[in-house]
Amino acid sequence: VLQVQQVEETYNSYSTTINSGATVNLDCSSGNSFYITSTVNGNWTANLTNLNLSANCLTNVTLLIVQGATAFIPTALQIGSSAQTINWQGGSIPSGNNSKKDAIAFTIFYTGSVYNVFGQLVTFG
């Protein structure tokens, strides 16, 4: 008899106000999913801390953003305070969606010396 067990991942809540141009530290030591319910006043930079990847490995980081009347997203990404290039689906930075929930997924490949980051945004609600 094959038993399948449920897979769970802890998500991190972030509710501190995010101002335009701010760098927001997102600590990955307890999980790679973030539920962002902050008041957001402009586009911002996500800085992933404690993202411990071995060479030739990859991971996914998900940000679920509860948007207000005007939507904003992280238009830049850092890993350990080092700027990364985001290769956005479709080739350009997407726009958030007012009064909706936006899920931004970053797939991150680490070669041992370079991170390759692929980003996409999906809207719900």
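Residues numbered from 1 in each chain as written. Predicted model: local features only at pLDDT ≥ 70, side-chain atom pairs only at ≥ 80, totals over all residues. Heavy atoms only, no water.

Caption draft 1: Structural detail: the packing of aromatic side chains. For the structure shown, the criterion picks out four aromatic pairs. Aromatic pair Trp 88 and Phe 106: ring centres 5.8 Å apart, planes at 55°, arrangement tilted. Here Trp 88, found in strand β8 (residues 86–88), pairs with Phe 106, found in strand β9 (residues 101–110); they are 18 residues apart in sequence, far enough to count as distant. (Phe/Tyr/Trp six-rings, centres within 6.5 Å; stacked < 30°, edge-to-face > 60°. Helix = DSSP H or I, 4+ residues; strand = E, 2+ residues; numbered from the N terminus.)

Caption draft 2: Structural context of the side chain of Gln 78. Positionally, Gln 78 belongs in strand β6 (residues 74–79). By relative accessible area, Gln 78 is classed as buried at 17%. (Buried < 20%, exposed > 50% of the residue type's maximum accessible area, 1.4 Å probe, protein only.)

Caption draft 3: Structural context of the nonpolar core. Of all hydrophobic cores here, the largest spans 28 residues; its most connected members are Trp 44, Leu 48, Leu 63, Phe 106 and Ile 108. It is β9 that provides the largest number of residues to this core, a total of four residues. (Core = buried A, V, L, I, M, F, W, Y, C linked by side-chain atoms within 4.5 Å.)

Caption draft 4: Just the sheet that holds β8, in detail. Taking strand neighbours across the sheet as the criterion, the six strands line up as β1-β3-β5-β9-β10-β8 in an open arrangement whose pairing is mixed. Of all strands in the sheet, those bounded by a partner on one side alone are β1 (11–14) and β8. Recorded for the sheet is a direction-independent mean angle of 25° between the axes of neighbouring strands. Of the strand pairs in this sheet, β8 and strand β10 (residues 115–124) are connected by three bridges, and their pairing is parallel. By the bridge assignment, Ile 86 is partnered in β10 with Val 117. (Pairing = 2+ DSSP bridges. Axes fitted to C-alpha atoms, helices over the stretch in contact; angles between N-to-C directions.)

Caption draft 5: Expanded view of the sheet that holds β6. The sheet built from four strands is open, its strands ordered β2-β4-β6-β7 with mixed pairing. The open sheet has two edge strands with one neighbour each: β2 (23–27) and β7 (82–84). Averaged over neighbouring strand pairs, the angle between their axes works out to 35° when direction is ignored.

Caption draft 6: Main features of the environment of Thr 16. The topology assignment puts Thr 16 in the loop between β1 and β2. Remark: the alpha-carbon pair of Thr 16 and Gly 68, spanning 52 residues in sequence, is separated by 14 Å.

Caption draft 7: The arrangement of unusual backbone geometry in detail. Of note in this structure, Asn 56 is not a glycine but carries a positive phi near 65°. Tracing the sequence through the fold places Asn 56 in the loop between β4 (44–49) and β5 (57–66). In this model, Ser 99 sits at a positive phi of 55°, which is unusual for a non-glycine residue. With respect to the helices, strands and loops of the structure, Ser 99 is situated in the loop between β8 and β9.

Caption draft 8: Main features of the environment of Tyr 11. Assignment of secondary structure puts Tyr 11 in strand β1. Judged by its relative accessible area of 51%, Tyr 11 falls in the exposed class. Every residue in contact with Tyr 11, bar those within four places of it in the chain, is listed here: Ser 33 and Tyr 35. (Contact = heavy atoms within 4.5 Å.)

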